[in-house]
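# A look at the structure
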Amino acid sequence: MSQTSRFKRPAVLVMAASIALGAAACSEPSSSASVASGSTGEAVDVVNISFATDPIEIDAGTEVIWTNRDEGVHHTVTSGTPGDKGVPGLGEEKEASPDGLFDGDLPDAGASFGFTFDDPGTYAYYCTVHSSMTGKVIVS
């Protein structure tokens, strides 16, 4: 066997294996993989001091699961409307108006909070730590 053919064969096998792995990575996940995740709700990531999906539209009876993705940053998911400090000399300060429907604490990255929306309507929420963070859940 020549020196050249001895080195070509392993290279061909490595290429074939790479192609097979690449094709497997591009295939659609099986239905058992999505069932195994255990999530039956809609996900909202809390990232970069914002609610990534806003508004989110869901059917009645669906759980929304918020997950903090901001490392070292504390957030909340509080139903109602945030306060407004106003602009000094131009506007009056408004107090936050939590409505008591839900209030989830997301103290650090990886923390999650879920709430099931049973009744149709539009639900406003905000972060009590960062009043500029607001969102809506629209339930049909």
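Remember, it's a predicted structure, so these values are computed and weren't measured experimentally. (Residues numbered from 1 in each chain as written. Predicted model: local features only at pLDDT ≥ 70, side-chain atom pairs only at ≥ 80, totals over all residues. Heavy atoms only, no water.)

## A look at the sheet that holds strand E2 (residues 56-58)
Strand-to-strand pairing in sheets goes through backbone hydrogen bonds, with the strands running parallel or antiparallel. Spatial strand order, E2-E8-E7-E4-E5: 5 strands in an open sheet with mixed pairing. The sheet terminates laterally at E2 and strand E5 (97-106), the two strands that pair on one side only. When strand polarity is set aside, the average angle formed by the axes of neighbouring strands in this sheet is 25°. With 6 bridges connecting them, strand E4 (residues 75-81) and E5 associate as antiparallel partners. For Thr 76, the partnering residue across the bridge sits in E5 and is Asp 105. (Pairing = 2+ DSSP bridges. Helix = DSSP H or I, 4+ residues; strand = E, 2+ residues; numbered from the N terminus. Axes fitted to C-alpha atoms, helices over the stretch in contact; angles between N-to-C directions.)

## What to know about the nonpolar core
Counting residues in each nonpolar core, the largest one holds 20 residues, and the members touching the most others are Phe 51, Trp 66, Val 77, Phe 102, Phe 117, Tyr 125 and Val 137. The element that contributes the greatest number of residues to this core is strand E6 (residues 112-117), accounting for 3 residues. Other than its neighbours up to four places away in sequence, Phe 102 contacts Trp 66, Val 77, Thr 78, Ser 79, Phe 113, Phe 115, Phe 117 and Tyr 125. (Core = buried A, V, L, I, M, F, W, Y, C linked by side-chain atoms within 4.5 Å. Buried < 20%, exposed > 50% of the residue type's maximum accessible area, 1.4 Å probe, protein only. Contact = heavy atoms within 4.5 Å.)

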